[in-house]
Amino acid sequence: MTRARRALVYGAGLLWIAAAVGGTAFIFVYESQPAAAAQVARVWPDAVGLARNQSGFSLVMAVHPKCSCTRASVAELNKLMLAWGGQVHAIALVTKPFEVTDLWSETDVTARLREIPGVAVVRDLGGAKAAAFGAHNSGQTLLYDSAGQLVFEGGITAFRGHEGPSIGGETLKQIVAGQPAPQRHTKVFGCSLEDKFCPLHGTSHEGHDHGNHDERV
Amino acid sequence: METMTNASEEAERTQVLYHEELDAQRVRLDRIFAKLMLVEWAFAIGLAIVVSPWSWEGKHHVVHAHVYLAVLMGAGLTLLPLFLVREMPGSVVTRQVIAVSQMLWSALLIHLTGGRIETHFHVFGSLAWLAFYLDWQILVTATVVVAADHFLRGMFYPESVYGITNPEWWRFLEHAFWVAFEDGILLIACHNGLRSLRDGAQRQAQLEAISESEQNKAIALEMLITEMKARPGLA
């Protein structure tokens, strides 16, 4: 083997080791890196104008319609809602920045949410409602009891964008079934609902109406 | 004495034919894996672009980490096997590297498809493909890669594998068991495959020996006839 070919073998070898070790480590870190912990509303915020279930549990999920990781959260929500069979009222807050058209939020994620029985899909202009609940990342799920007290907050996937059993999903099942749940908070992995250029809920201009927009879609 | 020499030559010839056929099969398989990895690389990039092209912050987006991962990790996993298949086809190193790369392809594709249970079948399909090398060491290498991935994930982030935070320490063995279950079948298939190759080589060697013997007899007969024709009194 010539010197040039040997150098190529070593180069490809190093790249291979980097891919095998570095790539695997990156996948692991990326999958398990949660969003920053949120200060969520401990009591149902009546000011947002959303009706809660007075006789049972109410679930709220914040959704970024274009976040690919959220597909897994929606799939897990579907499983939970089917298992609960109408016991829980769920509201999906699909965020939509002010400057974009409604079509922007019409994605496969939104379409899938509409197919889930018992889920009310609400277009959340500027992410104002999600912010009122203290949700800043897509997939953030909150469960309130009939008195409007928070009983769970967090994500319902085990790690970023992956379907399957998770502590969040199991905890929600336990709470709704009236069983003791040792953990009331889990990690959230979805995309940020807030625009990095404007923390005021998805707009780069001030003066927008961030008030109540209960726009069921 | 002559019979023993013939038997020894036949055994030697059997070995030569056996290794020729085995090497040819392994080289063919190396080339198939080289093409497969190119297909996997293209598939991974396409998948990332279609399923998760962007990462979002409000209405702003940047290229999703999956796209970079598919391009860069895919390149790393593919280029060395391609190079080795070109430079050292049929070698132990080439197929060991292919085995590790193929199992890491499983991990990458599982990740890119959001952990879909269906994509986990890639692991089992890959093991079956690797079994065509008729080399039990390849299956061991591939299984160790899968088991190590599960063991390390189970140790550092068990929820990502088992959906619970405190699984029993031996839980990874349950997952590894199903891989070992397939390995058991494939090892038997490897053993049978090698035996078939050896039997084929032996038959070929015997046929060659018989053919050679018949040719020698024909030559001897021809010489005898020629000799007889050369003696006028015998004609």
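Heads up: these notes are all about the structure in this document. Because the structure is a prediction, the values reported are computed rather than measured. (Residues numbered from 1 in each chain as written. Chains lettered and ligands numbered in written order. Predicted model: local features only at pLDDT ≥ 70, side-chain atom pairs only at ≥ 80, totals over all residues. Heavy atoms only, no water.)

Quick look at the overall build of chain A now. When helices and strands are counted, chain A shows five helices and six strands. Looking at chain A as a whole, 56% of its 217 residues qualify as buried. As displayed, chain A has an accessible area near 9500 Å², and 57% of this comes from carbon and sulfur atoms. (Helix = DSSP H or I, 4+ residues; strand = E, 2+ residues; numbered from the N terminus. Buried < 20%, exposed > 50% of the residue type's maximum accessible area, 1.4 Å probe, protein only. Areas by Shrake-Rupley, 256 points an atom, 1.4 Å probe, with all protein chains shown as cover.)

Looking now at the packing of helix H4 (residues 121-131) of chain B against helix H5 (residues 136-156) of chain B. Residue and element names in this part refer to chain B. At a closest axis distance of 9 Å, the pairing of H4 and H5 adopts a crossing angle of 160°. Put simply, H4 runs roughly antiparallel to H5. Here H4 and H5 pass one another in a crossing that is right-handed. Across the interface between the two elements, Val-123, Leu-127, Leu-130 and Ala-131 of H4 pack against Ile-138, Leu-139, Ala-142, Thr-143 and Val-146 of H5. By residue class, the composition of the contact of H4 with H5 is eight nonpolar, one polar and no charged. (Axes fitted to C-alpha atoms, helices over the stretch in contact; angles between N-to-C directions. Parallel < 35°, antiparallel > 145°, perpendicular 65-115°, else oblique. Left-handed = near helix turned anticlockwise from the far one by under 90°. Contact = heavy atoms within 4.5 Å. Nonpolar A, V, L, I, M, F, W, Y, C, P; charged D, E, K, R; others polar.)

This next bit is on the pairing of strand S1 (residues 54-57) of chain B. As paired strands, S1 of chain B and strand S2 (residues 60-63) of chain B are joined by four bridges and run antiparallel to one another. Residue pairing for S2 of chain B: Trp-56 of chain B is matched across the bridge by His-61 of chain B. (Pairing = 2+ DSSP bridges.)

Within the secondary structure, Gln-140 of chain A sits in the loop between helix H4 (128-133) and strand S4 (141-144). Apart from residues no more than four positions distant in its own chain, Gln-140 of chain A is found in contact with Ala-38, Val-40, Val-60, Met-61, Ala-62, Ala-135, Glu-153, Gly-154 and Val-188 of chain A.

What follows is about the interface of chain A and chain B. In this assembly, 47 residues from chain A lie in contact with 41 residues from chain B. Overall, the association of chain A and chain B removes approximately 3600 Å² of surface from exposure, summing both partners, and the carbon and sulfur fraction of that is 66%. Looking only at chain A, the three residues that lose the most surface to chain B are Trp-16, Ile-27 and Phe-28 of chain A, adding up to 18% of its buried area. Inspection of the chain A/chain B interface yields two salt bridges. Glu-99 of chain A serves as the salt-bridge partner of Lys-59 of chain B, at 3.9 Å between the closest nitrogen and oxygen. Applying the counting rule to chain A against chain B returns 11 residue pairs in polar contact (both at pLDDT 80 or more). Here the side of chain A that touches chain B gets 17 residues from one element, more than from any other, and that element is helix H1 (residues 3-32) of chain A. (Buried area = accessible area lost by both parts, 1.4 Å probe. Salt bridge = Lys/Arg side-chain N within 4 Å of Asp/Glu carboxyl O. Polar contact = N/O pair within 3.5 Å; in protein donor to acceptor, adjacent residues only side chain to side chain.)

A complete count under the given rule lists 10 aromatic pairs over all chains for this structure. With a centroid separation of 5.7 Å and an interplanar angle of 85°, the aromatic rings of Trp-104 of chain A and Trp-56 of chain B are classed as edge-to-face. One end of the pair, Trp-104 of chain A, is in the loop between strand S2 (88-96) and helix H3 (108-115); the other, Trp-56 of chain B, is in strand S1, on a second chain. Centroid distance Phe-33 of chain B to Tyr-133 of chain B: 5.8 Å. Interplanar angle 5°. Geometry classified as stacked. On the criterion of sequence distance, the pair formed by Phe-33 of chain B in helix H1 (residues 2-51) and Tyr-133 of chain B in the loop between H4 and H5 is long-range, its members being 100 residues apart. The residues Phe-33 of chain B and Tyr-133 of chain B share a single accessibility class, namely buried. Three or more aromatic residues joined by ring pairs make a cluster, and in this case those are Trp-44, Phe-133 and Tyr-144 of chain A. The ring of Tyr-30 of chain A carries the charged tip of Arg-160 of chain A above its face, separated from the ring centre by 4.8 Å. Seen from the ring of Tyr-18 of chain B, Arg-198 of chain B lies directly overhead, with NZ or CZ sitting 4.1 Å from the centre. (Phe/Tyr/Trp six-rings, centres within 6.5 Å; stacked < 30°, edge-to-face > 60°. Lys NZ or Arg CZ within 6 Å of the ring centre and 35° of its normal.)

A word on the environment of Glu-10 of chain B. Residue and element names in this part refer to chain B. Mapped onto the fold, Glu-10 is located in helix H1. Take Glu-10: its relative accessible area is 24%, and that puts it in the partly exposed class. Sequence separation of Glu-10 and Gly-74 is 64 residues, and the distance between their C-alpha atoms is 47 Å.

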